[in-house]
Structures are given as C-alpha cells and as structure tokens.
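So the chains spell out like this:
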Amino acid sequence: MRNLRILITTTLLIALSSLGVGAASAADRVATNCTSASRPQAPATRAVAAPVTVWLAGDSTMANPSSGRCPVGWGSQFDALFNSDVTVKNQAVGGRSIQTWLYEGNVSTTKGSDGECRLTSTTYSSRWQAMLNASTGMKAGDYLFIQFGINDSSSTCPRHVGPARYQQLMTMMAQAALARGAHPVLLTPVAAITCSGGTATKNRGFVNETFAAGSATRAPVIDLQTLSVSLYNSLRFCPNNGDYGGSGPLGTFFCNDHTHFDTYGAQRVAGLVAGDVRRQNLPLAAYLR
C-alpha cells in the first residue's frame, strides 16, 4: 500500500512538472511576441541619391568669369543652388555661337551658297569631344543645359548662324545627350536690358527654333528670355539713364553694358533657371537646396 502511494505521488509530480515547463515555455513565447510587437521597428534605409553632373554649353552670359567682377555668367552661380550630390561643369565660352562652340577653329569667315558659314572641317571642338567621351563625359542620369542665340545673330562669319542651322545643331546636341542616357535641357537666350518707355522688352532671336528642337527631342525648354524680361520689369529697370556701371540697380545687376551680368545679376538669373527646373518638376529639382 505504501509502495502504491509512492508510485502515485511520483507520477503526479512528474505530470505537474511537465505542465509547469510547458506553461513557462508558452508564457515565454507570448512575452517574446509581445516584446517584438511593442519594439519600434528600425527605419527603412533611405535610398542614396546618385551623384549627377550638370554640363553647361553656352556663351558669355553663362560662362565662368575670366577676371575681375565682370562679366559673370549665370552658370558660375548655378552650382551653389544644388546639394553636394550635384557637380556643375561649366563649358560655356564667351563670344561663341552654337556653331563656333561646336567646331572651334573650323568655321571659316566666308558663307556658302546656303548663307551659312562654311566649315573647313567637321572635327568637333575639344570641349564637345570631352562631353562625348564614353569614360569621362556625359553619363546616364546627367544633364546638359544648352543656351546660345546671342552671338549667333551676327550677320558675319564665323559667328553667324541661320535659324534652320541653329535648330539643327541644337537638336543634334540634345540627341547626343539622349544617346548617352543624359537629359538635355534647352534654354532660349537670356535677354539684354532694353526699354520701351517704362517696360523692359524682349530682344533675342532663335526662340522658335529652341522650342522646335525641344519638341523634336522631347527635351524641356526653359524660356529664359521671357523669365529674364519679367525679372527686369519686377525690378523696375525701365526707364533708365544707361548708367550700367553705377551704383544704382542697373550697376548692381549688369556690367557696364546692356548684356553682361555682375555677380548679383548672375545669381538672380541662375535662380530663374533653377526656379523653372522646379516649376517644370524636372527630376533634377530633387537636388536643389
């Protein structure tokens, strides 16, 4: 009888022990799940923006200053408007038409039967060759901003470019960028300051040709002529006494002429370009400060 009681007691203890272990394990699992549910999740890793190079092709109104404070092209002030993921490579050169920029040294001083300046060679300038370089030039995701149309209006060679030729060359440049996976952005020429009474007026050509090249390549167009004239009017530059080199509003914005910019003017025009990048919601706008 005593042995039977011992056997029953031992069996009960083993059973109770097993239940305790199982209950503890279940409790541990519940506690673990609750802790996991209440623990804040680690934030998802943010995508790192790919570095972008913005290439600039244009004339003196876009170019980096060579000496002194004047002239200062708006392209020299463009980099400061972006975060550190953007590098601006300004290849604008003063005095160039779109053709002399592309074919430096190979545009003659005589016109052909088509009215265009003759090319002595179709070899591209070193600056355009550098942009086309497969290793170090434009790459997928980069941008190419193209702004000419000021020197192109010359009636004499080598700077003269006719409307059809201008459109052809701008289209070709945009297509070259697209072929490398880069994004062309076309700009109408920035306006000089001319007044009709108290109103600043447009004074540049090649506007229709720029928009036509944009349509042909589906490239965005920034109408910098319209934007700049609107800015001049908002700043009440007209009428004026022509004192571009003075300390007044004109002297702060322009060099001692009606075309080129002082540093402040270049900054304001660069801001116009950046503002339209944002307004058109171009992907490049994500890099603006």
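As a starting point, this report considers the structure included with it. (Residues numbered from 1 in each chain as written. Predicted model: local features only at pLDDT ≥ 70, side-chain atom pairs only at ≥ 80, totals over all residues. Heavy atoms only, no water.)

### Quick notes on the pairing of strand β5 (residues 143-147)
Within a regular beta strand, the side chains point alternately toward one face of the sheet and then the other, so they alternate between its two faces. Buried residues dominate β5, accounting for five of its five residues. Alignment of strand β1 (residues 52-58) against β5, held across five bridges, turns out to be parallel. Each bridged residue has a counterpart across the sheet, and for A57 the counterpart in β5 is I146. Of the pairings in the sheet, the one linking β5 to strand β6 (residues 183-187) comprises five bridges and is parallel in character. Bridged to Y143 within β6 is H183. With respect to chirality, the unit in which β5 leads through helix α4 (residues 163-179) into the neighbouring parallel β6 is right-handed. (Buried < 20%, exposed > 50% of the residue type's maximum accessible area, 1.4 Å probe, protein only. Helix = DSSP H or I, 4+ residues; strand = E, 2+ residues; numbered from the N terminus. Pairing = 2+ DSSP bridges. Right-handed = clockwise from strand over helix to strand, strands pointing away.)

### Focus on the pattern of salt bridges
Under the counting rule described, the total for this entry stands at four salt bridges. Note that E104 is salt-bridged to R127, the shortest N-O span being 3.0 Å. Separated by 23 residues along the polypeptide, E104 in the loop between α2 (98-102) and β3 (107-111) and R127 in helix α3 (residues 126-132) bring together distant segments of the chain. The shortest N-O distance in the salt bridge between K139 and D142 comes to 2.9 Å. For D142, a relative accessible area of 0% corresponds to the buried category. Each of R96, E104 and R127 takes part in salt bridges that share partners, so that together they form one network. (Salt bridge = Lys/Arg side-chain N within 4 Å of Asp/Glu carboxyl O.)

### Some details on the nonpolar core
Membership of the largest hydrophobic core comes to 45 residues, with the highest contact counts inside it found for V54, F78, F145, Y232 and L284. Where this core is concerned, the elements lending two or more residues are β1, β2 (86-90), β5, β6, α6 (224-234), α7 (249-253) and α8 (263-279). Here the element with the most residues in this core is α8; it accounts for seven residues. For F145, the contacting residues outside a window of four places in its chain are V54, W55, L56, A57, M62, F78, V185, L187, I222, V273, V277 and L284. (Core = buried A, V, L, I, M, F, W, Y, C linked by side-chain atoms within 4.5 Å. Contact = heavy atoms within 4.5 Å.)

### A few points about the environment of R118
Within the secondary structure, R118 sits in strand β4 (residues 117-119). Assessed through its relative accessible area of 47%, R118 is described here as partly exposed. Residues R118 and N106, spaced 12 residues apart in sequence, show a C-alpha to C-alpha distance of 8.5 Å. In this structure R118 touches N106, V107, S108, T110, K111, G112 and S113, once residues within four positions along its chain are discounted.

### Some details on the side chain of S97
Its location among the elements puts S97 in the loop between β2 and α2. With residues near it in sequence (within four places) discarded, S97 still touches F148, N151, D152, P158, R159 and V161.

### Some remarks on the packing of aromatic side chains
Counted under the stated rule, the structure contains 16 aromatic pairs. When the ring of F78 is compared with that of F82, the centres are 5.0 Å apart and the planes differ by 85°; the resulting orientation is edge-to-face. For the residue pair F78 and F82, the accessibility class agrees, reading buried in each case. Ring pairs connect the aromatic residues Y232, F237, F253, F254, F261 and Y264, which therefore count as one cluster. (Phe/Tyr/Trp six-rings, centres within 6.5 Å; stacked < 30°, edge-to-face > 60°.)

### Concerning α4
If you check α4, its first and last C-alpha atoms are 24 Å apart, about what 17 residues at 1.5 Å a residue would give, namely 24 Å. Within α4 the residues assigned to the buried category are R165, Y166, L169, M170, T171, M173, A174, A176 and A177. G181, located one to two residues past α4, shows a positive phi value of around 80°. (Expected span 1.5 Å × (residues − 1).)

### Quick notes on unusual backbone geometry
In this structure, P158 follows C157 across a cis peptide bond, with omega equal to 15°. The omega angle of the peptide bond from C238 to P239 is -10°, so this bond is cis rather than trans. With respect to the helices and strands, the residue P239 is situated in the loop between α6 and α7. Positive phi values are uncommon outside glycine, yet R218 reaches one of about 60°. Within the secondary structure layout, R218 lies in the loop between α5 (207-217) and β9 (221-222). One non-glycine residue, N281, lies in the positive phi region at around 60°. Structurally, N281 can be placed in the segment after α8. With a relative accessible area of 63%, N281 lands in the exposed category.

Structural measurements only, silent on function.
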